[in-house]
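Structural description and commentary
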Amino acid sequence: MTSDEIIINGGRPLQGRIEVRGAKNLATKAMVASLLGKKPSVLRNVPNISDVRVVAGLLALHGVLITRGEEPGEWRLDPSNVEMAHKADIDAHAGSSRIPILFCGPLLHRLGEAFIPDLGGCRIGDRPIDFHLDALRRFGAVIEKLPSGISLTAPDGLKGANIELPYPSVGATEQVLLTAVLAEGQTELRNAAIEPEIVDLICILQKMGAIISMEPNRVIFIEGVPELRGYDHRAIFDRNEAASWAAAALATRGDVFVGGVKQEEMMTFLNVFRKVGGDFDVRDDGIRFWHPGGELKPVQIETDVHPGFMTDWQQPLVVALTQAQGVSTIHETVYENRFGFTDALNKMGADIVVHPDGLHDDSRRVKRREFEQAAVITGPTHLTGADIEVPDLRGGFSHLIAALTAEGQSKVTNLGIISRGYENFIEKLRLLGADFVYES
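Residues numbered from 1 in each chain as written. Predicted model: local features only at pLDDT ≥ 70, side-chain atom pairs only at ≥ 80, totals over all residues. Heavy atoms only, no water.

Considering the nonpolar core
Leu205, Trp245, Phe269 and Phe289 are the most contacted members of the largest nonpolar core, which has 142 residues in total. Every residue in contact with Phe269, bar those within four places of it in the chain, is listed here: Ala243, Ala246, Phe289, Phe309 and Trp313. (Core = buried A, V, L, I, M, F, W, Y, C linked by side-chain atoms within 4.5 Å. Buried < 20%, exposed > 50% of the residue type's maximum accessible area, 1.4 Å probe, protein only. Contact = heavy atoms within 4.5 Å.)

Concerning the packing of helix α1 (residues 24-33) against helix α2 (residues 50-61)
Where α1 meets α2, the closest approach of the two axes is 10 Å, and the angle between their N-to-C directions is 5°. Between α1 and α2, the angle falls in the class roughly parallel. In this structure, α1 uses Lys24, Thr28, Met31 and Val32 to contact α2, whose residues at the interface are Asp51, Val52, Val55, Ala56 and Leu59. Grouping the amino acids of the contact of α1 with α2 by side-chain chemistry returns six nonpolar, one polar and two charged. (Axes fitted to C-alpha atoms, helices over the stretch in contact; angles between N-to-C directions. Helix = DSSP H or I, 4+ residues; strand = E, 2+ residues; numbered from the N terminus. Parallel < 35°, antiparallel > 145°, perpendicular 65-115°, else oblique. Nonpolar A, V, L, I, M, F, W, Y, C, P; charged D, E, K, R; others polar.)

Comments concerning the sheet that holds strand β12 (residues 219-223)
Strand pairing in a sheet is mediated by backbone hydrogen bonds. Such pairs are either parallel or antiparallel. Across the sheet, four strands lie side by side as β9-β10-β12-β11; this open sheet has mixed pairing. Both edges of this open sheet fall to β9 (162-164) and β11 (211-215), since each of them pairs with a single strand only. Strand-to-strand twist in this sheet, taken as the mean axis angle between neighbours without regard to direction, amounts to 15°. Relative to β12, strand β10 (residues 186-190) is paired through four bridges, and the arrangement is antiparallel. Paired with Thr187 across the bridge in β12 is Ile222. Helix α6 (residues 170-180) rests against β9, β10, β11 and β12 of the sheet, and its axis sits at about 20° to β12. (Pairing = 2+ DSSP bridges.)

Things to note about the packing of helix α5 (residues 130-139) against α6
Packed helix pairs are specified by the crossing angle of their axes together with the interaxial distance, meaning the distance between the axes. At a minimum axis distance of 9 Å, the contact between α5 and α6 shows a crossing angle of 25°. Between α5 and α6, the crossing angle belongs to the class labelled roughly parallel. Taken as a pair, α5 and α6 cross one another with a handedness that is right-handed. In this structure, α5 uses Phe131, His132, Ala135, Leu136 and Phe139 to contact α6, whose residues at the interface are Gly171, Ala172, Gln175, Val176, Thr179 and Ala180. For the contact of α5 with α6, the class distribution of residues is seven nonpolar, four polar and no charged. (Left-handed = near helix turned anticlockwise from the far one by under 90°.)

Here's the deal with α5
Spacing of three or four residues puts side chains on the same side of an α-helix, whose turn is 3.6 residues. Within α5, burial applies to His132, Leu133, Ala135, Leu136 and Phe139. Axial view of α5: buried residues confined to an arc of 160°, hence all on one face. Close packing links the buried residues of α5 with α4 (104-111), β7 (142-146), β8 (149-153), β9, α6 and β10. Gly140 sits one or two residues past α5 and shows a positive phi near 110°. (Arc of directions from axis to C-beta.)

Notes on the packing of aromatic side chains
One pass over the structure, following the stated rule, counts eight aromatic pairs. The interplanar angle of 75° and the centroid separation of 6.4 Å between the aromatic rings of Phe269 and Phe289 together place this pair among those described as edge-to-face. Of this pair, Phe269 sits in helix α9 (residues 267-276) while Phe289 is found in strand β16 (residues 286-290), placing the two residues 20 residues apart along the sequence. Each member of the pair, Phe269 together with Phe289, is buried. Here the aromatic rings of Phe273 and Phe289 are separated by 5.3 Å at their centres, their planes lie at 75°, and the arrangement is edge-to-face. Residue Phe273 is found in helix α9, and its partner Phe289 is found in strand β16; the two are separated by 16 residues along the sequence. Here Phe273 and Phe289 have matching classes, each one buried. Aromatic rings pair up to connect Phe269, Phe273, Phe289, Phe309 and Trp313 into one cluster. (Phe/Tyr/Trp six-rings, centres within 6.5 Å; stacked < 30°, edge-to-face > 60°.)

With respect to the pairing of β12
Two strands pair when backbone bridges link them, and β11 and β12 are joined in this way by five bridges, in the antiparallel orientation. Directly across from Glu215, in β12, lies its bridge partner Val219. Connecting the antiparallel pair β11 and β12 is a turn made up of three residues, with Asn217 showing a positive phi of about 60°.

Some details on unusual backbone geometry
The peptide bond linking His306 to Pro307 adopts the cis configuration, its omega dihedral lying at 15°. By secondary structure assignment, the location of Pro307 is in the loop between β17 (300-302) and α10 (311-321). Omega for the bond connecting Gly379 with Pro380 falls within 30 degrees of zero, at 0°, which places this linkage in the cis form. Counting through the fold element by element, Pro380 comes out in the loop between β20 (373-379) and β21 (387-389). Here Arg218, not a glycine, exhibits a phi torsion of approximately 65°, which is positive. Mapped onto the secondary structure, Arg218 falls in the loop between β11 and β12.

Considering helix α7 (residues 196-207)
Taking 1.5 Å per residue, 12 residues should reach 16 Å; α7 reaches 17 Å between its end C-alpha atoms and fits that length. Those residues of α7 not exposed but buried are Pro196, Glu197, Ile198, Asp200, Leu201, Ile202, Ile204 and Leu205. In this structure, the buried side of α7 is in contact with α1, α6, β11, β12, β13 (232-234) and α8 (239-251). Count one or two residues on from α7 and you reach Gly209, which has phi positive near 115°. (Expected span 1.5 Å × (residues − 1).)

A closer look at the environment of Pro216
Turning to its location among the elements, Pro216 is positioned in the loop between β11 and β12. Assessed through its relative accessible area of 59%, Pro216 is described here as exposed. Measuring from C-alpha to C-alpha, the distance between Pro216 and Ala251 comes to 38 Å, with 35 residues separating the pair along the chain.

The structure is reproduced here in structure tokens:
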């Protein structure tokens, strides 16, 4: 729980321009990748968010020297003196991020051992680390579960493996990539995640000297190499932040230009945005999103892994759907507990019914999963201000959008969670003309 809170006077359209920096889901993984190199790396376009600071702290504990470059968001990471951190120091980061699991492969290569504390993160589902541990075992890691966390060693080194993921998990795919590049022999990964951030990570590893090929049908081949050098790379933009501001523009009947955004990585979102009734204009330096007037339309959405509709996109969009004329349905197939944030929206006047076991629908394209949920949103509804506590990262930003949309005053607390993934969001609200008072 954090002490940050914001009091918002809603009902004012957001208007103006903001910029998005590099993706949280790439920058943090690219920082971990620097551990693999013999020489320093330079990462550009790094967002100033708490998750990045957590990873920087973990890297510093392991002897990585981190300095800031001349341009904003430029980080230099020197892994020349990597060492094993004290378990107590690592444990101090427990609960603040799930990123420590990705340190395992690089540390096993560099030091022959690794330790991960109990993992935290947003309360949106179990997100088991079994996929990670199973993959590491296939490479030859020996894993011991301790009361304080998990200890890993590699007495015979790490060797290439044939791995097929039961689900195209982004985290498990990153784990395999970060481990396989220096493992002896070839690794074949099937049912891999292919998100743009994964492709960007592969580009980074290739710059470092890795040999990685992406094949059809979610297959990735990695040929292990003896050593890797550093990289110089500009991180891909944050798709999740871009979609969040687009949804805020739509819900508040506003007009927001999001600088730094590219069309290709947003195509699935842009299609749904247009179906709901929003409009957009793609330019070289970003995308303008706006509410063109008239009624918004209901939609049916099934979240899925890339190139499907991202689970991180549905939460901010739900607020806009409360203002659509008719019944919208969202089938959440990625995380089993991602609709908890709707309780606060219903408190503000929304009509959202969550079905914990999902809904049957013959027209669906995404394969039904046993743990999925569904939300049925009936609109339009009149939202009024309320006191809200942020539950998780994307849900928290959705609460901000709801407060900006609602008539009257809202107090949103526990804002620190939002800073995990949204850089300078308070200043961006100011730039877009929001009426609020912020207290930290």
